Amino acid sequence: GGGALQVVPQTIGASFEDAGPSSGKPPKTLGTTKKKGFRRKAIRQTRVAARFFVKAAGVGLMTAVLCLAIVHWPPWVIEDEHKRAQIMSALFVIGIFTVAVEDEIGMNKSAMMLFLAGTMWTFLAVGYRPLNSEAGAHRLHEELNRGLQDVGSVILFLLPAMGVVESIDHFGGFALVTVVIRKAMDGRVERLMPIICVFTFFLSSVIDNLTSTIVALKILKHLAADDEEHRRFCGGMVVLAANAGGAWSPVGDVTTTMLWIQGKITAPMTTKWLILPSLTAGLLPLVGMWWTGNLRPASLDVRSSSDGGLGGGGGVSLPVVRRRRGADEPDWTTDEDGHGWKDKKKHHTERETEMMMEGRDLALRAREDVTPLKVVVLAFGIMLILLVPVLKIWTGLPPYLGMLLALGAMWLVTDALDLDAHREMDGRVDVPMDLHDTPVNSPESDDLPVEHHGPPQTGVVAALYKLDLTGLLFFAGILLSVGALDSAGVLHMYATSLVKLCRGSPFALCILLGLSSAVVDNVPLVQASIDMFKETETDDELWQLVALAAGTGGSILSIGSISGVTLMSMDGVSFMWYLRRIGPWSLISFFAGMAVYKIQRIFFG
């Protein structure tokens, strides 16, 4: 019936032969071999020492500041607002650096940011002397309440949003979207990135960039499950498209919403002037990748089976994996029929291999088999997500409360209708989305522990078990750290210095504002701009540039936007990976979008 997933072996390494007279190369001497071995050992030891130094320096400095804050010494540093701001800025830079080199030093970014946030707030709190001054205690509580409100609103939005999307996926709601995109791809992998980016760009303008990023990344896990590098590359482009798509809509990005609520911009004029620059910023990288030939991943090939692919028609096909093996990965091979795999530690019989492949093929077919139940779940989930901006516009309800309402409605309806029972009747089988996982219906699956305690893991409860709490804690840590900088007045001082540096030029100011958004949260910077330019008229060029720059500039670094941090959390993307592969494209698209806006104003302004 359908095309099976075929793992094609890669030639790994090369054969080593002793160089002789026939090879034309001088034979290796024992001294040369020893020198190379010594050099490798020295490099290895240097790297170990460097990792230890970075760990010790980063954690040691934070611990030292925390201890000095606890003992309240020296008072001339802790009670001086200027020196306190300088020390907190230095701590934040150290924390961001450790996040950037997370893969190299082997420290979890969530742990580092939580420790950093606690240290910064402790250092800030003792400066107010809350135990000895009633005014200081009152000011500290005000700052904490403001910081907790900002962080809580984001976390309470992100958690139910991920829960709703995960619930839709749990009930197979994305099967229809997956099949439609596969048919649009028509077996051409290079079409995946443009399709998912255009979809995300317009979706983010209707809901918001965070929710659209979560939806797009979840869909990518179905469409590019077996090629992690390509999936991450597509995810990086999704971040660019989501942030750019949210810039031209009043409900698409938190900064645009701020400007809209405070009467600085209106929906018609914002859409009129920003849609073309946003399109440029969001989709220009796709043109660049097409020009350089990078739309088609080198490690992924898609072949259509003789019967038209999955399900026996429609041109749907499954990806064929071509990947290089890492040092710790299984040794993937195929039998003479092109099926199965073999691990270095455990060799499977031919029958076991066939059972593994049949189980995985069956699960993939069931996952992408479109049924009425899955269509209903998808439609209901989309309706709930769209309800969030509608409630915000019509009632003023904060988005996080609207998303909590959406999750509650999804939970109640699916439990009341017992959709899990209907799902089992439809024959859906869960399958790991990564080839390293044990396939269902395989002999190894019998050895997996299935016992669990607590409430039954079905329905929305089962979906919530899949949420990544470490990612949410990373969100909390980085937002609390930025909130500490804001409470210390660092961000307001920085925004004031930008205004003085630009000497009244709105375009130059917004360029620097956008670049700054890649490092720190753009919300305090935008709020500082609103406070400093209160007399500027509604729909002025300044406010439109602020919305565009703050929305698209945050894509330059992965920590510069909530969408980028979501990518780090959901797909395990590191700071340096994003900086090397996505950062240059984002920087180009940012300047291109700003230039298009300026050209529009010159000719039509």
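Since this is a predicted model, take the numbers as computed values, not measurements.

A. Geometry of the overall build of the chain. A tally of regular secondary structure across the chain gives 25 helices and two strands. A buried classification covers 49% of the 605 residues belonging to the chain. The long-range share in the chain, meaning contacts at least 24 apart out of those at least 6 apart in sequence, stands at 76%.

B. Inspection of the environment of Ile-559 at higher detail. Note on placement: Ile-559 falls in the loop between α22 (541-553) and α23 (562-571). Residue Ile-559 is classed as buried on the basis of its relative accessible area of 8%. Considering only alpha carbons, one finds Ile-559 and Val-520, 39 residues apart in sequence, at a separation of 7.9 Å. Here Ile-559 is in contact with Ile-96, Phe-474, Ile-478, Ala-518, Val-519, Val-565, Met-568 and Phe-575, once residues within four sequence places are set aside.

C. Region of the structure containing the pattern of salt bridges. The final tally for this structure, using the stated rule, is 14 salt bridges. Taking the shortest distance from any N to any O, the salt bridge between Lys-218 and Glu-166 comes out at 2.8 Å. Of this pair, Lys-218 sits in helix α9 (residues 209-223) while Glu-166 sits in helix α6 (residues 134-170), and the two are 52 residues apart along the sequence. Through salt bridges with shared partners, one network takes in Glu-143, Arg-146 and Asp-486.

D. Quick look at the environment of Ser-558. Considering the arrangement of structural elements, one finds Ser-558 in the loop between α22 and α23. Classification of Ser-558 as buried rests on a relative accessible area of 0%. Along the primary structure Ser-558 and Ala-100 are separated by 458 residues, whereas in three dimensions their C-alpha atoms are 9.8 Å apart. Setting aside residues up to four positions removed in sequence, Ser-558 forms contacts with Gly-564, Val-565, Met-568, Phe-575 and Tyr-578.

E. The side chain of Ser-278, seen in detail. Within the fold, Ser-278 resides in helix α12 (residues 267-292). For Ser-278, a relative accessible area of 0% corresponds to the buried category. Once residues lying within four places of it in the same chain are set aside, the contact partners of Ser-278 are Phe-201, Ala-244, Ala-247, Trp-248 and Leu-548.

F. View of the environment of Ser-563. Mapped onto the secondary structure, Ser-563 falls in helix α23. Non-local contacts of Ser-563, meaning those with residues more than four positions away in its chain, are made with Asn-209, Leu-210, Thr-213, Val-239, Ala-242 and Asn-243. At 3.4 Å, the side chain of Ser-563 forms a polar contact with the backbone oxygen of Asn-209. Within the structure, Ser-563 has its side chain in polar contact with the side chain of Asn-243 (distance 3.2 Å).

G. Geometry of unusual backbone geometry. Residue Pro-74 follows Trp-73 across a cis peptide bond; omega there is -10 degrees. Position of Pro-74 relative to the elements: it lies in the loop between α1 (30-71) and α2 (75-78). Positive phi, close to 55 degrees, is recorded for His-72, a residue that is not glycine. Structurally, His-72 is set in the loop between α1 and α2. The class of His-72 is partly exposed, set by a relative accessible area of 22%. Residue Asp-186 is not a glycine yet carries a positive backbone phi of 55 degrees. On the secondary structure map, Asp-186 appears in the loop between α7 (175-185) and α8 (192-206). In this structure Asp-186 comes out as partly exposed when scored by relative accessible area, which is 47%.

H. Summary view of the packing of aromatic side chains. Scanning the entire structure with this criterion turns up six aromatic pairs. Seen from their ring centres, Phe-201 and Phe-202 are 5.1 Å apart, and the 85 degrees between their planes marks the pair as edge-to-face. The exposure class assigned to Phe-201 is buried, which follows from its relative accessible area of 0%. For the ring pair Phe-590 and Phe-591, a centre distance of 5.3 Å and an interplane angle of 70 degrees mean the geometry is edge-to-face.

I. Representation of α8 in the model. An ideal rise of 1.5 Å per residue puts 21 Å on 15 residues; α8 measures up with 22 Å between its terminal C-alpha atoms. All of the buried residues in α8 are Leu-192, Met-193, Ile-196, Cys-197, Thr-200, Phe-201, Ser-204 and Ser-205. Those residues of α8 hidden inside the fold are in contact with α7, α9, α10 (228-247) and α12.

J. Region of the structure containing the packing of α22 against helix α25 (residues 583-604). Two elements in contact, α22 and α25, have axes whose closest approach is 10 Å; the angle formed by their N-to-C orientations is 165 degrees. Classified by the angle their axes make, α22 and α25 are roughly antiparallel. Considering the relative orientation of α22 and α25, their crossing is right-handed. Packed against α22, whose contacting residues are Glu-541, Gln-544, Leu-545, Leu-548, Ala-549, Thr-552 and Gly-553, the element α25 presents Ser-586, Phe-590, Gly-593, Met-594, Tyr-597, Lys-598 and Arg-601 at the interface. Its residues assigned to classes, the contact of α22 with α25 comprises six nonpolar, five polar and three charged.

K. Region of interest: the state of the cysteines. Tallying each qualifying case throughout the model produces zero disulfides. There is no disulfide at Cys-197, and the cysteine sulfur nearest it, in Cys-234, is 6.9 Å away.

Scoring rules and cut-offs
- Residues numbered from 1 in each chain as written.
- Predicted model: local features only at pLDDT ≥ 70, side-chain atom pairs only at ≥ 80, totals over all residues.
- Heavy atoms only, no water.
- Helix = DSSP H or I, 4+ residues; strand = E, 2+ residues; numbered from the N terminus.
- Buried < 20%, exposed > 50% of the residue type's maximum accessible area, 1.4 Å probe, protein only.
- Contact = heavy atoms within 4.5 Å.
- Salt bridge = Lys/Arg side-chain N within 4 Å of Asp/Glu carboxyl O.
- Polar contact = N/O pair within 3.5 Å; in protein donor to acceptor, adjacent residues only side chain to side chain.
- Phe/Tyr/Trp six-rings, centres within 6.5 Å; stacked < 30°, edge-to-face > 60°.
- Expected span 1.5 Å × (residues − 1).
- Axes fitted to C-alpha atoms, helices over the stretch in contact; angles between N-to-C directions.
- Parallel < 35°, antiparallel > 145°, perpendicular 65-115°, else oblique.
- Left-handed = near helix turned anticlockwise from the far one by under 90°.
- Nonpolar A, V, L, I, M, F, W, Y, C, P; charged D, E, K, R; others polar.
- Disulfide = S-S within 2.5 Å.

Purely geometric stuff here, so don't read any function into it on its own.
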